[in-house]
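Below, each chain spelled out in residue letters.
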Amino acid sequence: MPVSTALLNRPLAGSCSLAWRGVSRPLVCVRSAHVAATGSTADEERVWEATAQVPFSGARIGSFFQDRPVLKNPFLEDALLRGYLSRHLPEREALSDLCKFGERVANEVDEWGRECELNPPRLVHFDSWGGRVDHIVTSPAWKRMKDLSAQEGLVAIGYERSFGEWSRVYQMCKLFLFSPSSGLYTCPLAMTDGAAKVIQSIGISSAVEEAYSRLTTRQPESFWTSGQWMTERRGGSDVASGTETVAVPQTDGSYKLHGFKWFTSATDADVTLTLARVQDRRGATTPGSKGLTLFYAEVSRDEDGRLKGIEVQRLKDKLGTRQMPTAELLLDGLQAHRLSEEGRGVASIANMLTITRIHNSISAAAAMRRHDRTQLVLLHSILCFLLNYAVPMGCVGRVVQLARDYATRRTAFGKLLKDHTLHTQTLARMEVETRGAFLMVMDVCRLLGREESGVASQLDTNLLRLLTPVVKLYTGKQAVAVVSEGLECFGGQGYMEDTGLPGLLRDAQVLSIWEGTTNILSLDVLRCVARSSGMVLHAYFTHTKSLLASASGVSSLAPAVNSVDRALSELKDFIQGAATKAPGYLELAARDLAYSLARTYTGALLIDHACWKGASCIRHLHGSQVV
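All of these numbers come straight from a predicted model, not from anything done at the bench.

Across its full length, the protein carries 23 helices and 13 strands. For the protein, the residues scored as buried account for 51% of the 627 residues in total. Within the protein, contacts between residues at least 6 apart in sequence are counted, and of these 77% link residues at least 24 apart. Entry remark: accessible area of the protein is about 28,500 Å², with carbon and sulfur atoms responsible for 52%.

Moving on to unusual backbone geometry. In this structure, R161 is a non-glycine residue whose phi angle is positive, near 55°. Structurally, R161 can be placed in the loop between α7 (157-160) and α8 (167-178). You will see that S533, though not glycine, has its phi angle at about 55°, which is positive. By relative accessible area, S533 is classed as exposed at 66%.

We now examine the nonpolar core. One finds L85, F178, L273, Y540 and L597 to be the most contacted residues of the largest nonpolar core, which totals 139 residues. Split by domain, this core shows at least three residues from each of two domains, domain 1 (79-364) and domain 2 (369-611). If near-sequence neighbours (up to four positions away) are discounted, Y540 is found in contact with L463, L466, L467, L568, L571, S596, L597, T600 and Y601. Membership of the second largest hydrophobic core comes to 16 residues, among which are W229, A276, L331 and A336.

If you want to describe how two helices pack, look at the angle between their axes and the distance between the axes. In the contact formed by helix α17 (residues 458-488) and helix α23 (residues 590-610), the axes pass within 9 Å of each other and the chain directions differ by 95°. Taken together, the axes of α17 and α23 lie roughly perpendicular to each other. Here α17 contributes L463, L466, L467, V470, L473, Y474, K477 and Q478 to the contact with α23, which in turn contributes R591, A594, Y595, L597, A598, R599 and Y601. When its residues are assigned to classes, the contact of α17 with α23 shows 11 nonpolar, 1 polar and 3 charged.

Moving on, we come to the pattern of salt bridges. Counted according to the given criterion, the structure contains 31 salt bridges. A salt bridge links D443 to R446; the nearest nitrogen and oxygen atoms lie 2.9 Å apart. In this pair, D443 and R446 are both assigned in helix α16 (residues 421-452), 3 residues apart and thus about one turn of the helix distant. Grouping residues by exposure puts D443 and R446 together as buried. A salt bridge links R527 to D524; the nearest nitrogen and oxygen atoms lie 3.9 Å apart. Placement of the pair is R527 and D524 together in helix α19 (residues 518-531), with a separation of 3 residues, close to one helical turn. Using a relative accessible area of 8% as the deciding quantity, one classes D524 as buried. Through salt bridges that share partners, D97, R104, E108, E152 and K174 make up one connected network.

The subject of this paragraph is the side chain of S522. Here S522 shows up in helix α19. Of the residues examined, S522 reaches a relative accessible area of 1% and is grouped as buried.

Time to look at α17. Two residues of an α-helix separated by three or four positions point the same way, owing to the 3.6 residues in each turn. In this model α17 runs 45 Å from its N-terminal to its C-terminal C-alpha over 31 residues, within 8% of the 45 Å that 1.5 Å per residue would give. The largest bend in α17 amounts to roughly 35° and is located at L467, with the proline P469 lying one to four residues further along. The buried fraction of α17 is high, at 22 of 31 residues.

For T217, the location among the structural elements is in the loop between α10 (209-215) and β3 (226-232). Using a relative accessible area of 15% as the deciding quantity, one classes T217 as buried. Spatially, the C-alpha atom of T217 lies 5.9 Å from that of A156, the residues being 61 residues apart in sequence. A distance of 3.0 Å separates a polar atom in the side chain of T217 from the backbone nitrogen of Q219.

Right, let's talk about the packing of aromatic side chains for a bit. Under the defined criterion, the tally for this structure stands at 11 aromatic pairs. Summarising the aromatic geometry, the rings of Y159 and Y212 are spaced 6.1 Å apart at their centres and angled 90° between planes, so their arrangement reads as edge-to-face. Taken together, the residues Y159 in helix α7 and Y212 in helix α10 connect sequence positions 53 residues apart. Residue classification places Y159 among the buried residues on the basis of a relative accessible area of 12%. Residue classification places Y212 among the buried positions, given a relative accessible area of 14%. Centre to centre, the rings of Y540 and F541 are 5.4 Å apart; their planes meet at 85°, and the pair counts as edge-to-face. Looking at F541, the relative accessible area reads 10%, which means it is buried. Three or more aromatic residues joined by ring pairs make a cluster, and in this case those are Y84, F176 and F438. Lying across the ring of F101, K174 places its NZ or CZ 5.2 Å from the centre. Over the face of the ring belonging to F541 we find K572, whose NZ or CZ atom lies 5.1 Å from the ring centre.

Rules used throughout
- Residues numbered from 1 in each chain as written.
- Predicted model: local features only at pLDDT ≥ 70, side-chain atom pairs only at ≥ 80, totals over all residues.
- Heavy atoms only, no water.
- Helix = DSSP H or I, 4+ residues; strand = E, 2+ residues; numbered from the N terminus.
- Buried < 20%, exposed > 50% of the residue type's maximum accessible area, 1.4 Å probe, protein only.
- Contact = heavy atoms within 4.5 Å.
- Areas by Shrake-Rupley, 256 points an atom, 1.4 Å probe, with all protein chains shown as cover.
- Core = buried A, V, L, I, M, F, W, Y, C linked by side-chain atoms within 4.5 Å.
- Domains from an automatic or database assignment.
- Axes fitted to C-alpha atoms, helices over the stretch in contact; angles between N-to-C directions.
- Parallel < 35°, antiparallel > 145°, perpendicular 65-115°, else oblique.
- Nonpolar A, V, L, I, M, F, W, Y, C, P; charged D, E, K, R; others polar.
- Salt bridge = Lys/Arg side-chain N within 4 Å of Asp/Glu carboxyl O.
- Expected span 1.5 Å × (residues − 1).
- Bend = angle between axes of the 7 residues up to and from the residue.
- Polar contact = N/O pair within 3.5 Å; in protein donor to acceptor, adjacent residues only side chain to side chain.
- Phe/Tyr/Trp six-rings, centres within 6.5 Å; stacked < 30°, edge-to-face > 60°.
- Lys NZ or Arg CZ within 6 Å of the ring centre and 35° of its normal.

In structure tokens:
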């Protein structure tokens with residue numbers, strides 16, 4: 001057999017991928033067999049072609065050249081979080097717990113959250129024998145999230161108050177670490193916290209004593225979560241005109257609820273709070289908000305496995321938050337207990353809204369946060385981005401951490417992304433958004449903790465009332481913008497579902513919708529001003545001035561202080577001028593007013609933190625040792 005024929009018939013040793021193992025991206029030069037080079041024979045050309053190492057001639061194409069970003073302990077990797085706690089809550093017990101929890105989030109919880117995304121809930125209407133069961137099947141990871149939430153005290157911390165007025169800050173810092181990896185389990189936790197707050201504020205009666213204990217326990221086998229069933233067929237925040245559910249009094253003092261709930265979050269919860277109109281003996285109800293009463297109900301089943309007084313019509317097909325079951329429910333005689341006085345339902349949920357809006361803001365900040373090993377730009381050196389109001393500040397978390405880590409791994413145009421100045425500038429602006437959001441949310445948590453501990457001044461109370469809708473509307477809106485920007489940092493991979501990144505953007509969109517849209521909350525700010533006769537604004541300007549005053553001795557911050565001070569003066573002038581305009585003028589400007597309140601206040605908080613002597617020298621927590 002000729003040598004050339006033998007070579008053509010001999011199988012190549014190993015596969016193409018094996019031939020190229022250890023070889024770095026070879027130069028491919030394939031010559032056609034029928035176009036012979038000068039001085040070559042056709043047989044020699046065929047031999048060359050058969051023995052040439054062609055990298056893409058097989059099914060395998062080799063390794064992908066982009067490394068995935070790595071999630072590390074989010075507590076240890078967050079200099080601002082640790083710095084804030086070092087300044088305000090330096091107790092070793094709290095810092096050690098947050099460090100340990102951060103390890104659990106990175107090494108355990110994050111995978112559960114991904115499992116919740118890949119295995120969304122499904123509804124089983126009937127059992128094998130045709131019996132109506134309406135069983136919502138969730139992934140095992142969703143159930144593990146519930147047990148972990150109890151064990152880690154993600155609701156309980158706010159009611160144990162082990163750290164006094166800083167207990168809410170401690171709780172929300174823990175949720176800040178948990179939220180991006182939680183597979184949306186922070187949503188039922190928000191409603192559970194809100195339900196506990198309402199029960200506590202109204203008074204723990206015998207009818208809800210067990211429920212309150214279960215909502216705030218650390219024991220997984222006893223822990224209950226709460227739903228929030230407010231939205232009906234007309235939808236939206238206008239519950240006064242949209243609530244059709246009626247409550248029929250029973251002889252034992254309880255009620256039977258009949259109605260249709262169009263949107264019920266965390267439908268697999270153990271209990272729920274809901275609004276309804278009490279029927280009198282003639283079957284009549286009172287219209288408007290004066291006819292609404294707040295009720296508590298437990299979700300249970302009869303001996304045949306059928307839900308008592310509830311039929312699940314369908315699960316909602318949502319843009320995001322697919323991990324959490326959201327359903328349409330028909331209430332057909334659901335047993336319930338009245339929580340509020342008749343006609344005081346809307347007033348009674350005010351405390352719940354404060355809690356759930358803060359939870360919403362924490363989720364927004366956490367969605368943006370999470371930065372990694374690239375060294376952070378010093379806070380006072382990036383305040384220039386803050387002062388450029390063409391780039392509004394807000395709050396986003398996880399995507400920043402992942403984008404920063406990716407910038408240390410991804411090479412484009414001959415160098416790492418972190419070495420491209422424009423990319424670094426983009427990350428720096430995202431960082432400012434994130435830091436400002438975190439500080440604003442934590443400040444609202446601080447005010448809530450002071451109020452709950454009975455040490456709040458009137459200024460604190462007024463500030464809390466004003467900032468709660470402001471922080472929710474602003475952070476929710478900015479989360480979408482920053483997460484979207486974050487996806488761009490990954491290029492095409494940011495658009496691929498199997499990376500898990502697109503889910504961050506889908507889930508972020510709910511933050512500006514749930515618990516009041518941006519416009520609804522902007523109008524809430526105006527109502528807050530009107531009902532307090534302007535005292536909430538007086539508290540705002542007074543406290544913001546005091547924050548700026550704390551930096552008066554730091555010369556490097558003088559430009560930033562002057563800029564925020566000018567913005568504060570212009571804001572005051574605008575409000576005074578608006579008071580002389582027609583009534584509709586301020587309503588039209590409500591959204592811009594709310595944004596200006598948020599930006600200016602956040603700027604003052606950033607300056608206040610930057611002037612703290614430990615701002616650029618953050619202590620690190622390693623294990624249980626502070627070094």
